[in-house]
Amino acid sequence: VQLVESGGGFLQPGGSLRLSCAGSGFTFSTYNMSWHRQAPGKERELVATITRFGSSSNYGDSVKGRFTISRDNAKNAVYLQMNSLKPEDTAVYYCNARYWRGRPEYWGQGTQVTVSS
């Protein structure tokens, strides 16, 4: 099983970035997917979730209205479109896959996003 994130980088406040996560080794469409992030010295927090068929999504309060999660089950991929980025969005962003009945659960290795002027 692998989850591989990509798309992280360094950018200025107000910019946009799209993260991608490619899954392999499991039946992607049977897993709910989510993005989490962890900033230095802080606990990992939930950013966004999307159900296995993409019919429902939820967001953390700090990113509502700015971030959009989506998925393409044909490509075994989940995305996070991040707009109006702020310095406080700086973190390592992790992709998570959780079987729709709860277990098993998998994590990617993370991708760094740095927002700074």
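The coordinates are above.
Thresholds applied
Residues numbered from 1 in each chain as written. Predicted model: local features only at pLDDT ≥ 70, side-chain atom pairs only at ≥ 80, totals over all residues. Heavy atoms only, no water. Helix = DSSP H or I, 4+ residues; strand = E, 2+ residues; numbered from the N terminus. Rg over C-alpha atoms; globule rule 2.2 N^0.38 Å. Buried < 20%, exposed > 50% of the residue type's maximum accessible area, 1.4 Å probe, protein only. Contact = heavy atoms within 4.5 Å. Areas by Shrake-Rupley, 256 points an atom, 1.4 Å probe, with all protein chains shown as cover. Lys, Arg positive; Asp, Glu negative; His and termini not counted. Charge placed at Lys NZ, Arg CZ, Asp CG, Glu CD. Phe/Tyr/Trp six-rings, centres within 6.5 Å; stacked < 30°, edge-to-face > 60°. Salt bridge = Lys/Arg side-chain N within 4 Å of Asp/Glu carboxyl O. Polar contact = N/O pair within 3.5 Å; in protein donor to acceptor, adjacent residues only side chain to side chain.

1. Comments concerning the overall build of the protein
- When you go through the protein residue by residue, the secondary structure sums to zero helices and eleven strands.
- Put simply, the protein runs from its N terminus to its C terminus through helices and strands in the order β-β-β-β-β-β-β-β-β-β-β.
- Computed over its C-alpha atoms, the radius of gyration of the protein comes to 13 Å, within 12% of the 13 Å expected for a compact globule of 117 residues.
- Taken over the C-alpha atoms alone, the protein extends approximately 40 × 25 × 25 Å along its principal axes.
- Expressed as a percentage of its 117 residues, the buried residues of the protein come to 38%.
- When contacts within the protein are restricted to residue pairs at least 6 apart in sequence, those whose partners lie at least 24 apart make up 54%.
- For the protein, the exposed area adds up to about 6,100 Å²; of that, 46% sits on carbon and sulfur atoms.
- The centroid of the 13 positive side-chain charges in the protein is displaced by 6 Å from the centroid of its 8 negative side-chain charges.

2. A closer look at the packing of aromatic side chains
- Scanning the entire structure with this criterion turns up six aromatic pairs.
- Seen from their ring centres, F26 and Y31 are 4.7 Å apart, and the 65° between their planes marks the pair as edge-to-face. For the residue pair F26 and Y31, the accessibility class agrees, reading buried in each case.
- Seen from their ring centres, F26 and Y106 are 5.7 Å apart, and the 45° between their planes marks the pair as tilted. With F26 in the loop between β3 (17–24) and β4 (31–38) and Y106 in strand β10 (residues 105–107), this residue pair connects regions lying 80 residues apart in the sequence.

3. Side note on the pattern of salt bridges
- Within this structure, the stated rule accounts for six salt bridges.
- For R37, the salt bridge identified is with E45, shortest N-O distance 2.6 Å.
- In this structure R37 comes out as buried when scored by relative accessible area, which is 4%.
- A salt bridge links R98 to E105; its shortest N-O distance comes to 3.1 Å.
- The exposure class of E105 is partly exposed, given its relative accessible area of 25%.
- Taken together, the shared-partner salt bridges connect R37, E45, R66 and D89 into one network.

4. Digging into the environment of N32
- With respect to the helices, strands and loops of the structure, N32 is situated in strand β4.
- Classification of N32 as partly exposed rests on a relative accessible area of 26%.
- Once the C-alpha coordinates of N32 and G9 are considered, the two residues, 23 residues apart in sequence, prove to be 26 Å apart.
- Not counting residues within four places of it along the chain, the set of residues in contact with N32 comprises I50, T51, R52, R71, N96, A97, R98 and W100.
- Looking at N32, its side chain comes within polar contact range of the main-chain nitrogen of R52, at 2.8 Å.

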